[in-house]
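Residues per chain are reported as follows:
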Amino acid sequence: MMTAMPDSIATLQFYPRRSALRRYFALWYFTILLMVWNLLGHLYLGFEQSDLQPLVGLATAIGLQFLLEWIDARAAGRRPRFAGSWADFVNFLPPAIIPGLAVPMLLFPNERLIPIMFGVGLAIGSKVLFRAPVGDGKTQHIFNPSNLGIVASLLLFPSIGVAPPYHFTENLTGMWHWALPLFVLATGLVVHGLFTGRLVLVLTWLAAFVIQGQLRAWYFGTSWIVPLTPMTSAAFMVFTLYMIPDPATTPVQPLRQALFAMAIAAVYGLLLVNHMVYGLFIALVVVCGLRGAGLYAWAAWQSLRPAPTEGGSLQPEMAGVARQLSAS
């Protein structure tokens, strides 16, 4: 079920071999997993948010994404990406469904709907508001939408918090306490290994998280197991598999993936040492923001280089950025 105009999607250049098939498989895997997890969570597992919140999140995300795409298409004089065929319409939905379900799933604002609408709205809007040059005159959003929406909601609505870790498996018994997280973890690793090309990033993040935790335990003289307890939570698993390795907002080259993951772990450790809560989510926002600033600085540097005037065709200023980023 391929879309009719994959070349117009800048995100494709961040997937292995610029494969539209890999992108759609990964997007639909995450979408279906979140849909099933939310459905089971509210019916059986023990999710404590109101049943209306994920529905409001979905309506906000889908409605806003269609509106922004229609406005952008009108301004650019092109056909909206959801128009043309039923495949275009269906494949336009996952980037909206994922934050529309992830934000209500990970936030706990009691029964209020405004924080959910704000978080989801900012998640979708951030793809338009915060972008950086990626070559060929194209730009790409720099923050994971769900993560940015969650961080902004937590900072601007001090009365809300993250979802309690126990409610993700509250009503499970026996081996199912382990079976569900292991299924999500195993399938997530397979998807990143085969379809997104971000397995190095995920594995480096896990190793770096353990190392920074042990360094803190050694320095402060605490038990070695205490810094590792966040790794047992469902929120950590969602963060590790579905936020950090977002192909649209992370480097392609394995070495840069590793540096990106280590930077997040380092910022997280510094935030904890300074007694700041929500360190996982904030650390990712900080590192993504620094990476976005770096992309702008690189584009500015490239624009200052003298353009060739003889012995070849004149290249656009951003072509140098495109070649570097495509090779990265």
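Preceding block: the structure.
Fair warning: this is a prediction, and the values are worked out from it, not measured in the lab. Position numbers for residues start from 1 in each chain and track the written sequence from start to end. The predicted nature of this model means local features are confined to residues of pLDDT at least 70 and side-chain atom pairs, given and counted, to a pLDDT of 80 or more, with totals for whole chains, interfaces and linings taken over all residues. Each side-chain value is derived from all of the structure's non-hydrogen atoms; neither hydrogens nor water enter the calculation.

**Student:** Even after reading the chapter, I still don't get the overall build of the chain, so can you show me in this structure?
**Tutor:** Think of it this way: any DSSP run of H or I at least four residues long counts as a helix, any run of E at least two long counts as a strand, and we number them from the N terminus. Of regular secondary structure, the chain possesses twelve helices and four strands. With the principal axes as the frame, the chain shows a C-alpha extent of 70 × 50 × 35 Å. Here the term buried applies to any residue with accessible area under 20% of the maximum for its type, exposed to any over 50%, and partly exposed to those in between, with areas from a 1.4 Å probe on protein chains only. The buried share of the chain, reckoned over its 328 residues, is 50%. Contacts are assigned to residue pairs that have any heavy atoms within 4.5 Å of one another. Here the contacts in the chain between residues at least 6 apart in sequence split such that 72% fall between residues at least 24 apart. Under the convention used here, a 1.4 Å probe and the Shrake-Rupley method define accessible areas, while residue burial counts only the protein chains that appear. Carbon and sulfur atoms provide 71% of the accessible area of the chain, an area that totals close to 16,100 Å². Put simply, the chain has 18 plus and 12 minus side-chain charges, and the middle of one group is 8 Å from the middle of the other. Positive charge is attributed to Lys and Arg, negative charge to Asp and Glu, and no charge count is given to His or to the chain ends. Every charge is mapped onto a representative atom, which is NZ of Lys, CZ of Arg, CG of Asp or CD of Glu.

**Student:** What is the right way to read the nonpolar core from this model?
**Tutor:** Generally speaking, nonpolar side chains in soluble globular proteins are found buried as a group. Here, nonpolar core refers to any group of buried Ala, Val, Leu, Ile, Met, Phe, Trp, Tyr and Cys residues whose side-chain atoms link them within 4.5 Å. Ranked by size, the top nonpolar core spans 70 residues in total, and within it W37 and W205 carry the most contacts. For this core, the leading source of residues is helix α11 (residues 279–304), giving nine residues. Excluding its chain neighbours within four sequence positions, the residues that come into contact with W37 are L45, F47, M105, F168, L180, V184, A234 and V238.

**Student:** Please clarify how the packing of helix α2 (residues 52–76) against helix α4 (residues 94–106) should be interpreted in this entry.
**Tutor:** The description of two packed helices rests on the angle between their axes and on the distance between the axes. Interhelical geometry of α2 versus α4 gives an angle of 150° and a closest axis separation of 8 Å. The interaxial crossing formed by α2 with α4 has right-handed handedness. Seen from α2, the contacting residues are Q53, P54, G57, L58, A61, I62 and Q65; seen from α4, they are P95, A96, I97, G100, L101 and P104. Ten residue types, Ala, Val, Leu, Ile, Met, Phe, Trp, Tyr, Cys and Pro, are classed as nonpolar, four, Asp, Glu, Lys and Arg, as charged, and the remainder, Gly among them, as polar. Residues that form the contact of α2 with α4 fall into these classes: nine nonpolar, four polar and no charged. Axes here mean lines fitted to C-alpha atoms, for a helix over just the part in contact, with angles spanning 0 to 180 degrees between N-to-C directions. By the definition used in this description, the sense in which the near helix is turned from the far one sets the handedness, with an anticlockwise turn below a right angle giving left-handed and a clockwise turn giving right-handed.

**Student:** Could you clarify how one ought to interpret the side chain of E69 in this entry?
**Tutor:** Within the secondary structure, E69 is located in helix α2. We classify E69 as buried; its relative accessible area is 7%. Non-local contacts of E69, meaning those with residues more than four positions away in its chain, are made with R78, P80, R81, F82 and F92.

**Student:** Could you clarify how one ought to interpret the pattern of salt bridges in this entry?
**Tutor:** Two side chains that carry opposite charge are able to pair once their charged atoms sit near each other. One side-chain nitrogen of Lys or Arg within 4 Å of one carboxyl oxygen of Asp or Glu is enough to make a salt bridge. Under the criterion given, the structure shown has three salt bridges. One salt bridge connects E69 with R78, and the closest N-O pair in it is separated by 2.7 Å. In this structure, the salt-bridge partner of D72 is R78, at a minimum N-O distance of 2.6 Å. For R78, a relative accessible area of 33% corresponds to the partly exposed category. Shared partners join several salt bridges into a network, and the residues in it are E69, D72, R78 and R81.

**Student:** Even after reading the chapter, I still don't get the packing of aromatic side chains, so can you show me in this structure?
**Tutor:** Within a pair of aromatic rings, the relevant descriptors are the distance that separates the centres and the angle that separates the planes. Aromatic pairing here means that ring centres of Phe, Tyr or Trp (its six-membered ring) are within 6.5 Å. Orientation follows from the plane angle: under 30 degrees is stacked, over 60 is edge-to-face, and everything else is tilted. Taken as a whole and judged by the stated rule, the model has 18 aromatic pairs. With centroids separated by 5.4 Å and ring planes inclined at 75°, the aromatic side chains of F47 and F168 adopt a geometry described as edge-to-face. On the criterion of sequence distance, the pair formed by F47 in the loop between α1 (20–45) and α2 and F168 in the loop between β4 (161–162) and α7 (176–196) is long-range, its members being 121 residues apart. Here W205 and F236 contribute two aromatic rings whose centre-to-centre distance is 5.9 Å and whose plane-to-plane angle is 25°, an arrangement assigned as stacked. Of this pair, W205 sits in helix α8 (residues 199–220) while F236 is found in helix α9 (residues 234–242), placing the two residues 31 residues apart along the sequence. Look at W205 and you get buried, because its relative accessible area is 0%. Residue F236 is classed as buried on the basis of its relative accessible area, which comes to 3%. Taken together, the aromatic side chains of W205, F209, F236, F239, Y268 and F281 make up a single cluster linked through ring pairs.

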